[in-house]
Amino acid sequence: MRTPIIFGNWKMNKTIGEARELAGSIARKIATDRIEIGVAPPFTSLTAVRDSIKGSSIHLAAQNVYWEMEGAFTGEISPKFAVDSGCDYAIIGHSERRQYFGETNHTVNKKLKSSLSVGLKTILCVGELLKQREAGKMEAVVGGQIRECMVGISTSEVRSVVVAYEPVWAIGTGKTATPGQAQEVHSFIRSLLKELYDEEISQLLRIQYGGSVKRDNASILMKEADIDGFLVGGASLEAESFLEIIEKSLEVIA
Ligand code: PEP
């Protein structure tokens with residue numbers, strides 16, 4: 001039985017004060033260990049959020065890390081610094097990083113390795129563009145991302161990976177994949193994990209869905225067999241909408 005996992009990705013939003021307040025409001029209301037909950041604030045707010053969620057079950061994630069541990073890499077964040085700031089998770093390969101910052105499967109693979117090497121549980125994001133889906137290339141794209149990003153990740157390391165399937169056309173657009181569309185890809189990813197690793201790993205790894213998840217669609221998505229939770233962008237920027245997604249999900253797994 002996989003413990004569902006719901007993380008909020010705050011992207012480039014929230015000052016330190018705003019982040020502290022939002023994290024505090026979420027932490028005060030979370031009283032479940034049936035779903036793993038986490039937040040990914042901007043780097044500047046990590047330590048403030050770490051302090052706000054202290055004593056709660058909420059996890060702290062970095063939105064990105066670099067593949068080197070230290071050195072002359074102006075502007076980059078070492079995975080060691082993420083750990084030092086209180087993170088136990090990192091998000092790697094988000095489509096915005098791929099789209100706007102030139103990340104490729106090769107660099108995401110290097111980041112995944114460095115993130116895992118310092119003990120961070122790592123959310124690996126994959127997902128196809130609308131034109132790729134329309135051209136019938138969804139499996140080739142998502143399959144290629146999984147294969148190339150996982151190169152050299154051992155069976156023991158992969159246990160600390162969570163996959164987030166986020167169709168790029170559904171991120172921040174208000175368009176959600178239908179439960180059927182999402183389930184089809186999640187099941188495809190699970191079968192690929194079986195091929196790359198084994199049956200146990202494919203059943204163990206959690207696969208989140210991301211793309212305009214809100215209170216209104218959380219339940220129907222969560223009911224799908226291979227959807228193990230969500231990576232939430234816009235709706236995680238307010239405590240109420242984030243908590244509603246968690247409540248709706250809890251109703252489904254009750
Ligand atoms: C995301 O950025 O990971 C995301 C899923 O965003 P949104 O929920 O706003 O579509």
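Here is what the cut-offs are and how they apply
- Residues numbered from 1 in each chain as written.
- Predicted model: local features only at pLDDT ≥ 70, side-chain atom pairs only at ≥ 80, totals over all residues.
- Heavy atoms only, no water.
- UniProt positions renumbered as here; feature names shortened; annotations may be inferred.
- Near = heavy atom within 4 Å.
- Polar contact = N/O pair within 3.5 Å; in protein donor to acceptor, adjacent residues only side chain to side chain.
- Nonpolar A, V, L, I, M, F, W, Y, C, P; charged D, E, K, R; others polar.
- Phe/Tyr/Trp six-rings, centres within 6.5 Å; stacked < 30°, edge-to-face > 60°.
- Helix = DSSP H or I, 4+ residues; strand = E, 2+ residues; numbered from the N terminus.
- Buried < 20%, exposed > 50% of the residue type's maximum accessible area, 1.4 Å probe, protein only.
- Lys NZ or Arg CZ within 6 Å of the ring centre and 35° of its normal.
- Salt bridge = Lys/Arg side-chain N within 4 Å of Asp/Glu carboxyl O.
- Axes fitted to C-alpha atoms, helices over the stretch in contact; angles between N-to-C directions.
- Parallel < 35°, antiparallel > 145°, perpendicular 65-115°, else oblique.
- Left-handed = near helix turned anticlockwise from the far one by under 90°.
- Contact = heavy atoms within 4.5 Å.
- Pairing = 2+ DSSP bridges.

- As named in an unreviewed UniProt entry, the chain is Triosephosphate isomerase, taken from candidate division TA06 bacterium.
- Per UniProt, the chain has the following entry under Catalytic activity (unreviewed entry): "D-glyceraldehyde 3-phosphate = dihydroxyacetone phosphate".
- On record in UniProt, under Sequence similarities (unreviewed entry), the comment for the chain is "Belongs to the triosephosphate isomerase family."

### Details of the site of the ligand
Then comes step 1: In the neighbourhood of the ligand, 14 residues make up the surrounding shell, with Lys11, His94, Glu166, Gly172 and Ser212 lying closest.
Then comes step 2: At 2.8 Å from an oxygen atom of the ligand is found a main-chain nitrogen or oxygen belonging to Gly233.
Then comes step 3: Per-class residue counts for the shell around the ligand are four nonpolar, eight polar and two charged.

### Comments concerning the packing of aromatic side chains
Then comes step 1: Here the structure, examined in full by the defined rule, presents five aromatic pairs.
Then comes step 2: For the pair Tyr165 and Tyr209, a centre-to-centre distance of 6.4 Å together with 55° between the ring planes defines the contact as tilted. Here Tyr165, found in strand β6 (residues 161-165), pairs with Tyr209, found in strand β7 (residues 207-210); they are 44 residues apart in sequence, far enough to count as distant. Here Tyr165 matches Tyr209 in class, with each residue buried.
Then comes step 3: By the ring-pair criterion, three or more aromatic residues cluster together here, those being Tyr66, Trp67 and Phe73.
Then comes step 4: In this arrangement the basic side chain of Arg97 is found over the ring face of Phe101, its NZ or CZ atom lying 4.3 Å from the centre.

### Some thoughts on the pattern of salt bridges
Then comes step 1: Throughout the structure, instances matching the rule amount to 15 salt bridges.
Then comes step 2: The salt bridge partner of Glu103 is Lys111, with a shortest N-O separation of 2.6 Å.
Then comes step 3: Here the salt bridges share partners, and the residues they tie into one network are Arg2, Arg190, Asp226 and Asp228.

### Here's the deal with the packing of helix α5 (residues 105-117) against helix α7 (residues 138-149)
Then comes step 1: Following both chains from N to C, one finds α5 and α7 inclined at 45°, their axes separated by 8 Å at the closest point. Here α7 runs oblique to α5, going by the angle between their axes. The interaxial crossing formed by α5 with α7 has right-handed handedness. For the pair formed by α5 and α7, the contact residues are Asn105, Val108, Asn109 and Leu112 on the first element and Gly144, Gln145, Glu148 and Cys149 on the second.
Then comes step 2: A class-by-class count of the residues in the contact of α5 with α7 yields three nonpolar, four polar and one charged.

### Describing the UniProt feature "active site" (unreviewed entry) in the chain
Then comes step 1: With numbering matched to this structure, UniProt assigns "active site" (unreviewed entry) to His94 and Glu166. What stands out for the annotated residues spanning 73 residues is how close their C-alpha atoms remain, the widest pair being 8.5 Å apart.
Then comes step 2: Considering the arrangement of structural elements, one finds His94 in the loop between β4 (89-92) and α4 (95-100).
Then comes step 3: If sequence neighbours within four positions are ignored, His94 has contacts with Asn9, Lys11, Cys125, Glu166 and Ile171.
Then comes step 4: Within the secondary structure, Glu166 is located in the loop between β6 and α8 (179-196).
Then comes step 5: Setting aside residues up to four positions removed in sequence, Glu166 forms contacts with His94, Cys125, Val126, Gly127, Glu128, Ile171, Gly210, Gly211 and Leu231.
Then comes step 6: In this structure the side chain of Glu166 is engaged in a polar contact, spanning 3.4 Å, whose partner is the side chain of His94.

### What to know about the side chain of Ser115
Then comes step 1: Its location among the elements puts Ser115 in helix α5.
Then comes step 2: What makes Ser115 buried here is its relative accessible area of 0%.
Then comes step 3: In this structure the side chain of Ser115 is engaged in a polar contact, spanning 2.7 Å, whose partner is the side chain of Thr122.
Then comes step 4: For Ser115, the residues in contact, after removing those within four places along its chain, are Val65, Pro79, Ala90, Ile92, Leu120 and Thr122.

### Let's talk about the pairing of strand β5 (residues 121-126)
Consecutive side chains along a regular strand alternate between the two faces of the sheet.
Then comes step 1: Extensive coverage of β5 is indicated by the burial of five of its six residues.
Then comes step 2: Of the strand pairs in this sheet, β5 and β6 are connected by five bridges, and their pairing is parallel. The residue of β6 that forms the bridge with Leu124 is Val163.

### A closer look at the UniProt feature "binding site: substrate" (unreviewed entry) in the chain
Then comes step 1: Here the UniProt-annotated "binding site: substrate" (unreviewed entry) positions come out as Asn9, Trp10, Lys11, Gly172, Ser212, Gly233 and Gly234. A maximum C-alpha distance of 14.0 Å places the annotated residues, which cover 226 residues in sequence, within one compact spot.
Then comes step 2: You can call Gly172 exposed: its relative accessible area is 74%.
Then comes step 3: With respect to the helices, strands and loops of the structure, Ser212 is situated in the loop between β7 and α10 (215-222).
Then comes step 4: Setting aside anything within four residues of it in sequence, one finds Ser212 in contact with Ala170, Gly172, Thr173, Gly174, Lys175, Thr176 and Asn217.

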